[in-house]
Amino acid sequence: MKTERESLEFDILYVGAGPANLASAIHLQRLLKHHNATSSNTLNPSIAMIDKGRYAGAHLLSGALLDPRALNEFFPDYQEQGFPIKATVSKETIWFLQSKRKFPIPFIPEPFSNKHSLLVSLSRLGAWMAEKAQDEGIQLFDNTAASLPFIENQRVAGIITDDKGLDKKGHKKPDYQPGLLLKSKVTVIGEGSDGSLSRQLSKHFSTGSAAQRYETGVKETWQIPEGRVIAGEVHHTFGFPLESDMYGGGWLYALSPTLVSVGCISSLGPDSPICDPHLNLQRFKLHPLIGNILKSGKMVESGARTITSGGLDTMPPLYGPGYLLTGESAGMVNMQRHKGIHLAMKSGIIAAETLFEALLHNDFSTERLKSCEDRFRNSWAYDELHAARNYRKAFDNGLYAGLFKAGLQISFPGLSLPKTQLALPGLAPLPVPGLKKRTNTSPAIPEFRADGMRTFTKERSLFNSGVMHEENQPCHLRIKPEDIAEICLKKCTAEFANPCQHFCPAAVYEIASDPKPALKLNPSNCLHCKTCEVADPYGVITWTVPEGGGGPGYKLS
């Protein structure tokens with residue numbers, strides 16, 4: 001039986017209130033105001049933005065270092081307007097770590113430099129930008145998730161929001177409310193890494209793009225005693241606690257003399273799912289370099305998120321029939337610089353200028369929206385991503401070969417990578433990574449006991465993420481019963497020892513053995529990081545949106 005839905009219509013609908021879409025909405029409104037002040041042909045489109053978080057910034061998580069280049073373009077007076085800067089980079093180092101030792105990189109190559117970057121809390125930045133967008137006249141609806149695209153005549157004509165008030169079995173509770181149909185002339189999708197709506201659209205509108213790749217970042221914010229760091233101090237590391245065949249690294253940023261952000265990035269994917277990103281961060285904090293800074297401190301917030309890392313070669317087109325992509329939904333991350341916020345903002349600026357032209361000509365055709373791609377290719381964002389396009393690929397044959405290749409790339413941007421493996425002096429050739437199946441009965445993940453002071457269990461970290469979900473609602477992690485029986489409890493157990501128990505940083509997946517093998521899901525733990533969907537070696541997990549307002553509640557991250 002077809003559900004009757006209330007319908008609302010807008011000219012422009014933004015899905016996701018991250019820095020990309022917020023920058024776009026603010027810039028578009030300013031373009032419209034300038035136009036209306038100088039032209040008799042006034043434009044007054046209806047513009048709305050939805051976000052699944054329970055408040056603006058609730059789901060925004062990053063390190064975060066912000067290159068202010070894009071910010072200067074669309075918001076040049078941001079400092080006078082009270083932009084929430086924690087500090088400006090004052091000192092930066094890169095370290096190679098062994099379990100107890102550290103070796104400094106004697107100089108920081110220009111492509112890796114964070115000179116003039118701002119240290120910010122991304123969740124607070126999002127909340128501030130949302131307030132500015134509302135001041136500009138944008139309608140912002142939080143607690144509202146985009147569940148499905150609304151496709152009409154082979155064109156995205158809006159979205160359908162989440163149903164509210166269903167119980168675990170999908171039955172209607174007394175407070176049931178069907179999702180809304182939000183129609184729009186153009187839908188701008190900026191959901192972040194591995195967005196559920198973008199994933200659905202990629203299946204409906206084939207783009208021909210190479211498969212995207214992802215990493216998982218786990219971070220904590222700590223209050224520490226004064227005197228150990230100076231505001232703006234930035235440390236990046238590689239090596240420990242990761243094995244040499246895994247891409248990733250750690251960071252510590254001093255947001256103030258007493259507040260630091262510490263985190264670890266681990267490479268995950270269906271070909272290498274045996275990994276525990278949360279454990280990697282706990283081990284990273286035990287290194288003397290980090291441990292001495294955190295000693296006697298207190299962890300005040302934690303979280304996790306996947307990071308889009310494929311770069312320029314895996315970016316989908318920025319446009320499609322009735323829609324535009326921004327930010328990480330468009331793959332706007334430079335892994336060489338470990339930065340994406342400025343690129344997300346730039347993608348929002350590009351989208352705003354494309355939308356302004358569409359409104360000016362009352363033309364929302366795919367051909368008109370295609371100009372978004374031309375604007376991107378003529379921008380500094382394209383130049384930056386093009387120069388860094390091979391950086392992440394360089395590490396596919398391991399850390400040491402990657403450092404060697406990345407070092408060459410610093411001198412020769414865009415250097416093409418040989419398909420044959422490089423042999424480095426004094427080092428045995430590294431194996432080409434393949435499918436990492438368990439080859440013996442030894443545990444794939446080392447046993448670890450958290451001390452509750454510097455290191456924490458996943459359950460304890462969840463407490464500091466502010467995660468909340470309505471308990472009595474359908475499970476948003478979809479796995480077919482036959483896949484649980486044949487793949488999860490048989491094939492995956494034999495080949496990978498059920499890595500979902502480890503790669504999920506929120507302890508959502510458990511394998512029970514008594515009285516018989518069973519997969520237990522704890523969806524109310526979910527941090528919306530999307531690690532399970534991108535790392536599942538068999539592709540049987542589908543992440544769908546829970547009721548709007550569910551998920552983490554970041555305030556400092």
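Residues numbered from 1 in each chain as written. Predicted model: local features only at pLDDT ≥ 70, side-chain atom pairs only at ≥ 80, totals over all residues. Heavy atoms only, no water.

Draft legend 1. Just helix H5 (residues 277–284), in detail. For H5, the buried fraction is high: 7 of the 8 residues fall into the buried class. Inspection of H5 places Pro-277, His-278, Leu-279, Asn-280, Leu-281, Gln-282 and Phe-284 among the buried residues, and these make up the whole buried set. With a side-chain oxygen positioned 3.2 Å from the backbone nitrogen of His-278, the residue opening H5 is Asp-276. (Buried < 20%, exposed > 50% of the residue type's maximum accessible area, 1.4 Å probe, protein only. Helix = DSSP H or I, 4+ residues; strand = E, 2+ residues; numbered from the N terminus. Polar contact = N/O pair within 3.5 Å; in protein donor to acceptor, adjacent residues only side chain to side chain.)

Draft legend 2. Representation of the packing of aromatic side chains. Applying the stated criterion across every chain, the model contains 14 aromatic pairs. Where Trp-222 meets Phe-456, the ring centres are 6.0 Å apart and the plane angle is 45°; that geometry is what we call tilted. One end of the pair, Trp-222, is in strand S14 (residues 214–223); the other, Phe-456, is in the loop between helix H11 (399–411) and helix H12 (458–463), and 234 residues separate them in sequence. Residues Trp-222 and Phe-456 agree in their burial class; the two are buried. Taken together, the aromatic side chains of Phe-74, Phe-75, Tyr-78, Phe-83 and Trp-128 make up a single cluster linked through ring pairs. The positively charged end of Arg-30 is found above the aromatic ring belonging to Phe-75, 4.3 Å away from the centroid. The cationic tip of Lys-530 hangs over the ring face of Trp-543; the distance from NZ or CZ to the ring centre is 4.3 Å. (Phe/Tyr/Trp six-rings, centres within 6.5 Å; stacked < 30°, edge-to-face > 60°. Lys NZ or Arg CZ within 6 Å of the ring centre and 35° of its normal.)

Draft legend 3. Broad picture of the side chain of Asn-334. Mapped onto the elements, Asn-334 comes out in the loop between strand S20 (323–325) and helix H7 (341–361). Since its relative accessible area comes to 2%, Asn-334 is described here as buried. Reaching out from Asn-334, the side chain makes a polar contact with the backbone nitrogen of Gln-336 at a distance of 2.9 Å. Setting aside its immediate chain neighbours within four residues, Asn-334 contacts Lys-339, Leu-343, Glu-384, Leu-385 and Ala-388. (Contact = heavy atoms within 4.5 Å.)

Draft legend 4. Representation of the packing of helix H1 (residues 19–38) against helix H3 (residues 122–135). Viewed as axis vectors pointing N to C, H1 and H3 meet at an angle of 20°, and their least axial separation amounts to 9 Å. With respect to H3, the element H1 is oriented roughly parallel. For the pair H1 and H3, the sense of crossing is left-handed. Within the contact between the two elements, H1 uses Pro-19, Leu-22, Ala-23 and Ile-26 and H3 uses Leu-122, Leu-125, Gly-126, Met-129, Ala-130, Lys-132 and Ala-133. Of the residues in the contact of H1 with H3, the class split is 9 nonpolar, 1 polar and 1 charged. (Axes fitted to C-alpha atoms, helices over the stretch in contact; angles between N-to-C directions. Parallel < 35°, antiparallel > 145°, perpendicular 65-115°, else oblique. Left-handed = near helix turned anticlockwise from the far one by under 90°. Nonpolar A, V, L, I, M, F, W, Y, C, P; charged D, E, K, R; others polar.)

Draft legend 5. Examining the pattern of salt bridges more closely. Counted by the stated rule, this structure contains 20 salt bridges. Ionic pairing is found between Lys-33 and Glu-136, a salt bridge with its closest N-O pair at 2.9 Å. With a gap of 103 residues between them, Lys-33 in helix H1 and Glu-136 in the loop between H3 and strand S8 (139–141) connect regions that are remote in the sequence. In this structure, the salt-bridge partner of Lys-393 is Asp-313, at a minimum N-O distance of 2.6 Å. Of this pair, Lys-393 sits in the loop between helix H10 (380–387) and H11 while Asp-313 is found in the loop between strand S18 (298–308) and strand S19 (319–320), placing the two residues 80 residues apart along the sequence. For Asp-313, a relative accessible area of 37% corresponds to the partly exposed category. (Salt bridge = Lys/Arg side-chain N within 4 Å of Asp/Glu carboxyl O.)

Draft legend 6. Structural detail: the confidence of the model for the chain. Per-residue pLDDT for the chain has a mean of 91; in total, 92% of the residues score no lower than 70. In the predicted structure, residues 414–434 sits below a pLDDT of 50 and forms 32 contacts with residues beyond four places in sequence or in another chain. Scored below 50 in pLDDT, residues 439–443 shows 0 contacts in the model against residues more than four places distant or in partner chains. (pLDDT = per-residue confidence, 0-100.)

Draft legend 7. Examining the pairing of strand S1 (residues 7–15) more closely. Judged from the 8 bridges that link them, S1 and strand S13 (residues 181–189) form a sheet pairing that is parallel. What sits directly across from Leu-13, in S13, is Thr-187. Here S1 pairs with strand S2 (residues 47–50) via 4 bridges, running parallel. Directly across from Ile-12, in S2, lies its bridge partner Ile-47. Between the parallel pair S1 and S2, the chain is carried across by H1, and the sense of this crossover is right-handed. (Pairing = 2+ DSSP bridges. Right-handed = clockwise from strand over helix to strand, strands pointing away.)

Draft legend 8. Main features of the sheet that holds strand S7 (residues 118–120). An order of S3-S7-S4 is seen for the 3 strands of this open sheet, with the pairing classed as antiparallel. With partners counted over all chains shown, the strands left at the sheet margins are strand S3 (65–66) and strand S4 (85–88), one partner each. Relative to S7, S3 runs antiparallel, the two being bridged by 2 bridges. Across the sheet, residue Leu-65 finds its bridge partner in S7, namely Leu-119.

Draft legend 9. Representation of the layout of surface pockets in the model. By volume, the largest pocket is sized at about 1,200 Å³. What lines the largest pocket is a set of 50 residues, and nearest its centre among them are Arg-199, Ala-211, Gln-212, Arg-213 and Tyr-214. Among the secondary structure elements, those contributing two or more residues to the lining of the largest pocket are helix H4 (196–204), S14, strand S17 (259–268), S20 and helix H15 (531–535). Ranked by residues supplied to the lining of the largest pocket, first place goes to H4 with 5 residues. Here the lining of the largest pocket is composed, by residue class, of 18 nonpolar, 19 polar and 13 charged. (1 Å grid on protein atoms, 1.4 Å probe; cavity = no way out; pocket = protein on both sides within 12 Å on 5 of 7 lines; lining within 4 Å. Points joined across faces, edges and corners; volume = space filled by probe spheres on them.)

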